[in-house]
Amino acid sequence: MPIENDTLKKLEKGGFSEAMSAPQNHAQKNISSKPLPKHKTNYGIELLRILSMYFIIILHVLGQGGVSTAAKQGSAQYNASWIMLAFTYCAVNCYGFISGYVGFRSRFKLSKLIILWLTVVSINCGIWLIFYFFRPSLTDAYPISRCFTPLMGNQYWYFTCYFGLYILSPVLNAAIRSLAKGTYAFMLLLSLPVFSLLPYYAQKDLFVTNTGYSLIWLILLYLTGAYFKLHVRLKKRKIWISVCLALYTASALFIALRKFEVENRIMQSDQEYTPFYRDYSYTSLPVIICSVCLFIVFSQICINRNVPQKIISFFSKATFSIYIAHTNHFIWGGILEDRFTDFATINAEKTVVFTLAVAAVIFIICLIFEKIRKFIFSILKIEILLKKIPFLN
């Protein structure tokens, strides 16, 4: 289903969920009945979690910030912004992969859902209070009661989809651990192209995937990530990393160059000009290829030193909250909306540098906000108390 111009201008909020930790060893049929060994964190995957969050913020600076839509078609700024979008559009798919990769062995706990919901609510309330004191006019039309209903209001599409995914996770995880490798691989090799290519060429949302903004697409990503953890063991890592980086680059450039070529052809014809967005979709094949390649690259990165592990863990644990904070109603509509349209009128190199710099600043500000929120939660011992309630765990 093509992405409309206005939709892309307001690029929908990218997403993330803190996937639950899970043990990592080979699984065979009926392994669900066997005890699971202790989980060992793959810090390459955690590094990808951080990078993907940064990519999502770049998407939002370019989209919601107005850079990509303000740039004149065919200009250097236009080309630069859409090439950046092409290279970063795979970020949400990577999150879905990560959820399955680390989460398929986890045990369902109601306390985790409650903690996830409390995280969203507390961030909403914190930002609402900040605006209440500094820009009270914006809070008049948005009562604090709405901060407590992120699900009912579908305020964050990824959070809503992940909430549903986690409820279904016991069934999904049992299936993952029971499926034979060949059957599992066949299902994925059939499902991803079918859910991607058929809607693309039919130009209809045949399977209600909503170009990737849906629970069904997140489930497919979850299953794919779990398959990689269970069954993919790559030899000659350096060769695989080189090949995947080359394929990632080629696929991203294909997305952007195809857009430019189609739009130039339209401009030279008698047709009415309409921007071409069809490949900028989470379900498009080039974006899927980018996602898989980037995921493989980072899954093969070994980080064994204690200090880098601690640094990566410090940042990766905050990424879900960074997503929630910077896509909050007040930040999304009151601060980000068309805030960076001037980037479309400056030198193209500066467009790139300023976009990357602003995304980094947003990341750091939201990180600080999350660490403060986490500190308050630790003082109140909310998570500890929830974990002590037997029926929640």
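Caption draft 1: How the structure looks around the state of the cysteines. In this structure the tally under the stated criterion is zero disulfides. Take C293: it sits in no disulfide, and the sulfur closest to it among the cysteines is that of C244, at 4.6 Å.

Caption draft 2: View of the packing of aromatic side chains. Enumeration according to the criterion identifies 31 aromatic pairs in this entry. Between W82 and Y280, the aromatic rings sit 4.9 Å apart at their centres with planes inclined by 75 degrees, giving edge-to-face as the arrangement. On the criterion of sequence distance, the pair formed by W82 in helix α4 (residues 76-88) and Y280 in the loop between α11 (237-268) and α12 (285-299) is long-range, its members being 198 residues apart. Of the residues examined, Y280 reaches a relative accessible area of 1% and is grouped as buried.

Caption draft 3: Main features of the pattern of salt bridges. In the structure shown here, the tally under the stated rule is six salt bridges. In this structure, the salt-bridge partner of D279 is R258, at a minimum N-O distance of 2.8 Å. Taken together, the residues span a long stretch of sequence, with D279 in the loop between α11 and α12 and R258 in helix α11 at a distance of 21 residues. For E383, the salt bridge goes to K374, with nearest N and O atoms at 3.0 Å. Assessed through its relative accessible area of 37%, K374 is described here as partly exposed.

Caption draft 4: Geometry of helix α9 (residues 181-202). Its 22 residues place the ends of α9 31 Å apart at the C-alpha level, agreeing with the 32 Å of an ideal helix rising 1.5 Å per residue. Along its length, α9 reaches its greatest deviation from straightness, about 30 degrees, at V194. Of the residues making up α9, those classed as buried are Y184, A185, L188, S191, L192, F195, S196, P199 and Y200. Elements that come into contact with the buried residues of α9 comprise α8 (157-178), α10 (215-231), α11 and α12. Note on α9: the residue one or two positions beyond its end, Q203, has a positive phi of about 55 degrees.

The rules we used
- Residues numbered from 1 in each chain as written.
- Predicted model: local features only at pLDDT ≥ 70, side-chain atom pairs only at ≥ 80, totals over all residues.
- Heavy atoms only, no water.
- Disulfide = S-S within 2.5 Å.
- Phe/Tyr/Trp six-rings, centres within 6.5 Å; stacked < 30°, edge-to-face > 60°.
- Helix = DSSP H or I, 4+ residues; strand = E, 2+ residues; numbered from the N terminus.
- Buried < 20%, exposed > 50% of the residue type's maximum accessible area, 1.4 Å probe, protein only.
- Salt bridge = Lys/Arg side-chain N within 4 Å of Asp/Glu carboxyl O.
- Expected span 1.5 Å × (residues − 1).
- Bend = angle between axes of the 7 residues up to and from the residue.
- Contact = heavy atoms within 4.5 Å.

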